[in-house]
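Analysis of the macromolecular model
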Amino acid sequence: MIAFGAVFLVIGLIFAGVSVSFLTDAKRAQGTVVALEWRNDSSGASRKATQSNKPAAYPVVEFTSADGTSRTFRSSTGSNPPSYDEGERVEVLYRADSPGDARINGFVSLWLLPLVFGGLGLLITGIGTGIAVARRRRS
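Report follows, based on the coordinates. Please read all numbers here as calculations on a predicted model, not as lab measurements. (Residues numbered from 1 in each chain as written. Predicted model: local features only at pLDDT ≥ 70, side-chain atom pairs only at ≥ 80, totals over all residues. Heavy atoms only, no water.)

Let's talk about the nonpolar core
- Judged by nonpolar contacts, A29, V33, L36, A57, V61, F63, F73, V90, V92, Y94, A102 and I104 together constitute the single largest core of 12 residues.
- Where this core is concerned, the elements lending two or more residues are β1 (26-39), β2 (56-64), β4 (89-95) and β5 (98-104).
- Excluding its chain neighbours within four sequence positions, the residues that come into contact with V90 are A29, Q30, G31, V33, V61, Y84 and I104. (Core = buried A, V, L, I, M, F, W, Y, C linked by side-chain atoms within 4.5 Å. Buried < 20%, exposed > 50% of the residue type's maximum accessible area, 1.4 Å probe, protein only. Helix = DSSP H or I, 4+ residues; strand = E, 2+ residues; numbered from the N terminus. Contact = heavy atoms within 4.5 Å.)

A short note on the pattern of salt bridges
- Counted under the stated rule, the structure contains 6 salt bridges.
- Note that R39 and E37 form a salt bridge whose closest N and O atoms lie 4.0 Å from each other.
- Exposure remark for R39: the relative accessible area of 15% places this residue in the buried category.
- Classification of E37 as partly exposed rests on a relative accessible area of 29%.
- Put simply, D25, R95 and D101 are held in one network by salt bridges that share partners. (Salt bridge = Lys/Arg side-chain N within 4 Å of Asp/Glu carboxyl O.)

Here you go:
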């Protein structure tokens, strides 16, 4: 159990490192939510869609990169009720060398996966450690 939890903890740390690396290199731009794409699948980071089996709204955002090119992307994070409204202004983070790799500058889109995996890793490792300590004290 401890090893299983440690694997989740390592995955969480890797996702956190990816987010930190992204934030270090990211350019900022103002974007606008131009549409909400409703999907009834669990392929994104939406937990509500998975739990309640209701469709989740994934914001489609348009922004202009530093080179003056208009770009559009769909956020990988959806929710129900929607976190954003059509026409809402949002801050977009993107890599200058890869403007297609863009994200909304929000807590969920940057930190959900590190927190889920890291939190589960800590919980499972803690439970496994507690069980191991209790067994050792009994013997």
